[in-house]
Amino acid sequence: MKKLENFFFISVLFYIFASEIMEQKNKFLEKALALFLENGAKTLTMDDIAREFGMSKRTIYQHYKNKEELLDSVLDFHTDMVISKLKAITEIENLNSVEKMLIRDEDLQKLSNNQKSIFIRQVKKYYSNLSKKNAIKAYEKLKTIFISNIEQGQKEGLYRKNIDVEVVVKMVIVLMFSYDESPLMESANADGLNQCEFSKQVIKFYLNAIVTEEGRKFL
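This structure is a prediction, so every number in the text was calculated from the model and none was measured. (Residues numbered from 1 in each chain as written. Predicted model: local features only at pLDDT ≥ 70, side-chain atom pairs only at ≥ 80, totals over all residues. Heavy atoms only, no water.)

(A) Quick peek at the side chain of K143. For K143, the position within the fold is in helix α7 (residues 128-156). Taking relative accessible area as the criterion, K143 reaches 15% and is therefore assigned buried. Ignoring any residue separated from it by four or fewer positions in sequence, one finds K143 in contact with E166, V169 and I173. (Helix = DSSP H or I, 4+ residues; strand = E, 2+ residues; numbered from the N terminus. Buried < 20%, exposed > 50% of the residue type's maximum accessible area, 1.4 Å probe, protein only. Contact = heavy atoms within 4.5 Å.)

(B) Main features of the pattern of salt bridges. Throughout the structure, instances matching the rule amount to 9 salt bridges. Across the pair K57 and D47 runs a salt bridge whose closest N-O atoms are separated by 3.3 Å. In this pair, K57 is assigned in helix α3 (residues 57-61) and D47 in helix α2 (residues 46-53), connecting sequence segments 10 residues apart. Take D47: its relative accessible area is 40%, and that puts it in the partly exposed class. Residue E140 pairs with K143 through a salt bridge whose shortest N-O separation is 3.6 Å. With a gap of 3 residues between them, E140 and K143 both fall in helix α7, about one helical turn apart. (Salt bridge = Lys/Arg side-chain N within 4 Å of Asp/Glu carboxyl O.)

(C) Spatial organisation of the environment of I147. For I147, the location among the structural elements is in helix α7. In this structure, the C-alpha to C-alpha distance between I147 and V165, residues 18 residues apart in sequence, is 7.0 Å. Setting aside chain neighbours within four positions, we find I147 in contact with V165, E166 and V169.

(D) Quick peek at the packing of helix α8 (residues 165-176) against helix α10 (residues 195-210). As a packed pair, α8 and α10 sit with axes 9 Å apart at the nearest point and diverge in direction by 165 degrees. The orientation of α8 with respect to α10, classified from their angle, is roughly antiparallel. By crossing handedness, the relation of α8 to α10 is classed as right-handed. Mapping the contact onto sequence places V168, V172, L175 and M176 in α8 and F198, S199, V202, I203, F205, Y206 and I210 in α10. Of the residues contributing to the contact of α8 with α10, the split by class is 10 nonpolar, 1 polar and no charged. (Axes fitted to C-alpha atoms, helices over the stretch in contact; angles between N-to-C directions. Parallel < 35°, antiparallel > 145°, perpendicular 65-115°, else oblique. Left-handed = near helix turned anticlockwise from the far one by under 90°. Nonpolar A, V, L, I, M, F, W, Y, C, P; charged D, E, K, R; others polar.)

(E) Structural view of the packing of aromatic side chains. For the structure shown, the criterion picks out 4 aromatic pairs. Here F28 and F53 contribute two aromatic rings whose centre-to-centre distance is 4.5 Å and whose plane-to-plane angle is 35 degrees, an arrangement assigned as tilted. Separated by 25 residues along the polypeptide, F28 in helix α1 (residues 2-39) and F53 in helix α2 bring together distant segments of the chain. With centroids separated by 6.0 Å and ring planes inclined at 15 degrees, the aromatic side chains of F28 and Y64 adopt a geometry described as stacked. Residue F28 is found in helix α1, and its partner Y64 is found in the loop between α3 and α4 (67-90); the two are separated by 36 residues along the sequence. Summarising the burial analysis for this pair, F28 and Y64 share the class buried. Among the aromatic residues, those joined into a cluster by ring pairs are F28, F53 and Y64. Seen from the ring of F53, K31 lies directly overhead, with NZ or CZ sitting 4.9 Å from the centre. (Phe/Tyr/Trp six-rings, centres within 6.5 Å; stacked < 30°, edge-to-face > 60°. Lys NZ or Arg CZ within 6 Å of the ring centre and 35° of its normal.)

(F) Up close: the packing of α4 against helix α6 (residues 118-126). Contact geometry for α4 and α6: axes closest at 13 Å, N-to-C directions at 130 degrees. With respect to α6, the axis of α4 lies oblique. For the crossing formed where α4 meets α6, the hand is left-handed. In contact with L71, V74 and L75 of α4, α6 contributes F119, I120 and V123. Considering only residue class, the contact of α4 with α6 consists of 6 nonpolar, no polar and no charged.

(G) Just the nonpolar core, in detail. Of all hydrophobic cores here, the largest spans 27 residues; its most connected members are F146, Y159 and Y206. Grouped together as the second largest cluster of nonpolar side chains are 24 residues, L29, L71, V74 and Y127 included. (Core = buried A, V, L, I, M, F, W, Y, C linked by side-chain atoms within 4.5 Å.)

Below you can see the structure in the form of structure tokens.
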């Protein structure tokens, strides 16, 4: 019994210690993200980061072997931050599937609009391997959220059941992030279709493609 109590006590201490470490790490990554967003992925140096945090580069290198590894963690943190907001909406019980998609619209805009920042542009140009890795991770997490929403909508009778879920979800996510990738968007922007409006129209286009007649009335 005594051994069991000791094991439980040690487990609690380990959990508290691990939680504190994770909180400190998240605070560090949050500030590092702000620095990268302000200065750019290529422009910001490890010297700049060390100076902003009031620590030596050697201390940073104890946790991240180089700038690319730090960037990888910052990108993961950035993606997880937005995804967590989108996932939280899934847990709201008094909203139907269409309402949840419309509420998510603002956060989805932020996620796609962030692609325009100097930070993301430089990541794509100078750290293409990290950019691709992060894009795939973001896609996989977004896909889970979209599929969960479709399953709810089908149960509610608001979404059609005869749709290829995997294909439809991939199409809408690709569209969400396509604004900066296509030269056609330059002329569209000149005509007043900015990225914010484009994102809204993509969500409307997507919902109109999958809703039932009942869902269309609600929409």
